[in-house]
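Examination of the molecular architecture
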Amino acid sequence: MSNILLVTSSPRGEASYSTRVAKELAAKLRDAAPGSTLVHRDLAAAPLPHIGQDFAVAVKAPAETLTEEQAGLLAASETATQELLDADTVIIAAGLINFSVPSTLKSWIDHVARAHKTFRYTAEGPEGLARNKKVYAVIASTGIYTNDSPAAAFDHARPYLKSVLGFMGMTDVEFIDVEGVGLGLEPDETILERALGETRQIELSAVA
Ligand SMILES: Cc1cc2nc3c(=O)[nH]c(=O)nc-3n(C[C@H](O)[C@H](O)[C@H](O)COP(=O)(O)O)c2cc1C
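Let us look at the structure shown here. (Residues numbered from 1 in each chain as written. Predicted model: local features only at pLDDT ≥ 70, side-chain atom pairs only at ≥ 80, totals over all residues. Heavy atoms only, no water.)

As a further point, take the overall build of the protein chain. When its secondary structure is counted, the protein chain shows six helices and seven strands. Start at the N end of the protein chain and walk to the C end: the helices and strands fall as β-α-β-α-α-β-α-β-β-β-α-β-α. Over its C-alpha atoms, taken along the principal directions, the protein chain stretches across nearly 55 × 40 × 35 Å. Buried positions account for 43% of the 208 residues belonging to the protein chain. Within the protein chain, counting contacts between residues at least 6 apart in sequence, those at least 24 apart form 76% of the total. Here the protein chain displays about 10500 Å² of accessible surface, and carbon together with sulfur accounts for 55% of that area. (Helix = DSSP H or I, 4+ residues; strand = E, 2+ residues; numbered from the N terminus. Buried < 20%, exposed > 50% of the residue type's maximum accessible area, 1.4 Å probe, protein only. Contact = heavy atoms within 4.5 Å. Areas by Shrake-Rupley, 256 points an atom, 1.4 Å probe, with all protein chains shown as cover.)

Okay, the environment of Leu96 next. One can find Leu96 in the loop between strand E3 (89-95) and helix H4 (103-112). Expressed as a C-alpha distance, the spacing of Leu96 and Ala22, which sit 74 residues apart in the sequence, is 15 Å. Excluding residues that lie within four positions of it along the chain, Leu96 makes contacts with Ile139, Ala140, Ser141, Tyr145, Asp155 and Ala157.

Inspection of the entire model under this criterion finds 15 salt bridges. Put simply, Glu24 and Lys28 hold a salt bridge, and the shortest N to O gap is 2.7 Å. Residue Glu24 and its partner Lys28 are located together in helix H1 (residues 17-32), separated by four residues, close to a single helical turn. With a closest N to O distance of 2.8 Å, Lys106 and Asp110 form a salt bridge. With a gap of four residues between them, Lys106 and Asp110 both fall in helix H4, about one helical turn apart. (Salt bridge = Lys/Arg side-chain N within 4 Å of Asp/Glu carboxyl O.)

A regular strand carries its side chains on alternate faces of the sheet. Judged from the eight bridges that link them, strand E6 (residues 134-141) and strand E7 (residues 172-179) form a sheet pairing that is parallel. Counted as the bridge partner of Lys134 is Asp172 from E7. A crossover links E6 with its parallel partner E7, the connecting element being helix H5 (residues 158-167), and its sense is right-handed. (Pairing = 2+ DSSP bridges. Right-handed = clockwise from strand over helix to strand, strands pointing away.)

Taken together, 16 residues lie near the ligand, and Ser10, Ser16, Ser18, Gly143 and Tyr145 sit nearest. One of the side-chain nitrogen or oxygen atoms of Tyr145 is found 2.7 Å away from an oxygen atom of the ligand. Within the complex, 74% of the 630 Å² of free accessible area of the ligand lies under protein. Contributions of two or more residues to the shell around the ligand are made by H1 and E6. Within the shell around the ligand, the residues separate by chemical class into seven nonpolar, eight polar and one charged. (Near = heavy atom within 4 Å. Polar contact = N/O pair within 3.5 Å; in protein donor to acceptor, adjacent residues only side chain to side chain. Nonpolar A, V, L, I, M, F, W, Y, C, P; charged D, E, K, R; others polar.)

Our next topic: the nonpolar core. In this structure, Ile92, Leu105, Trp108, Leu161 and Leu165 are the most contacted members of the largest nonpolar core, which totals 29 residues. Those elements giving two or more residues to this core turn out to be strand E1 (3-8), helix H3 (68-86), E3, H4, E6, H5 and E7. Counting residues per element, this core draws most heavily on H4, which supplies four residues. Contacts of Leu161, omitting those with residues within four sequence positions, involve Val101, Leu105, Ile109, Ala137, Ile139, Gly166 and Phe175. Among the nonpolar cores identified, the runner-up in size contains 21 residues, and Val21, Leu29, Ile176 and Val178 belong to it. (Core = buried A, V, L, I, M, F, W, Y, C linked by side-chain atoms within 4.5 Å.)

Bringing the sheet that holds E1 into the picture now. An order of E2-E1-E3-E6-E7 is seen for the five strands of this open sheet, with the pairing classed as parallel. Since the sheet does not close on itself, it has two edges, and those belong to strand E2 (37-42) and E7, each with one partner. The mean angle between the axes of side-by-side strands here comes to 15°, regardless of whether they run parallel or antiparallel. Of the pairings in the sheet, the one linking E1 to E3 comprises five bridges and is parallel in character. Within E3, the position partnered with Thr8 by the bridge is Ala93. Here H1 sits on the sheet and contacts E1, E2, E3, E6 and E7; the angle it forms with E3, its principal contact strand, is near 165°. Packing against the sheet, H5 makes contact with E3, E6 and E7, and its axis sits at approximately 160° to E7. (Axes fitted to C-alpha atoms, helices over the stretch in contact; angles between N-to-C directions.)

Take a look at the structure:
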């Protein structure tokens, strides 16, 4: 049994490769373990707002001083944070946008990276509180950034996700790459099938 949180962020709807691969992985992992739950947070359909002054003030203010608007902003953050804390498997799907994650995914991270909830500072340094989770991150892109690619330094999605998720305690992050789509070096279907093949291996090892 597993609580799975699926976070998708592509603005390309049904055409999205990252969403397709991530959805298939989520459904397979759910079906592999009876009693599992699956929560889908679709950030393209329902984006969390960018962090503004109201939010920045609200996260540090005593509850009784909050305006209705600030309380609403905090409530959205708390729901998203609780979804993350409740999950033992997190699947994040993103297509590269200008060498990083879509801004909707960045916004989600801004809402779940919460002091005293998903991290805290101690005398020994920062401590992640969102621990004991397996994270799969499906990253689609036209460019090729992995396997010692000369373009590796342009990839600000994987290093960023690894750092910020690790900061919150999620150190077990496995990337599933859907790279080179639309580039013309090989058919998109071949790239997609390779990524789906990886998800099938994950499913098999989850069942074993
Ligand atoms: C506005 C925009 C910016 C993009 N920027 C990049 C980029 O910086 N690097 C890259 O390799 N691909 C880039 N792409 C291509 C997408 O990453 C690619 O289409 C990928 O399949 C998107 O993920 P999705 O299929 O899950 O929507 C960009 C696409 C769009 C629409």
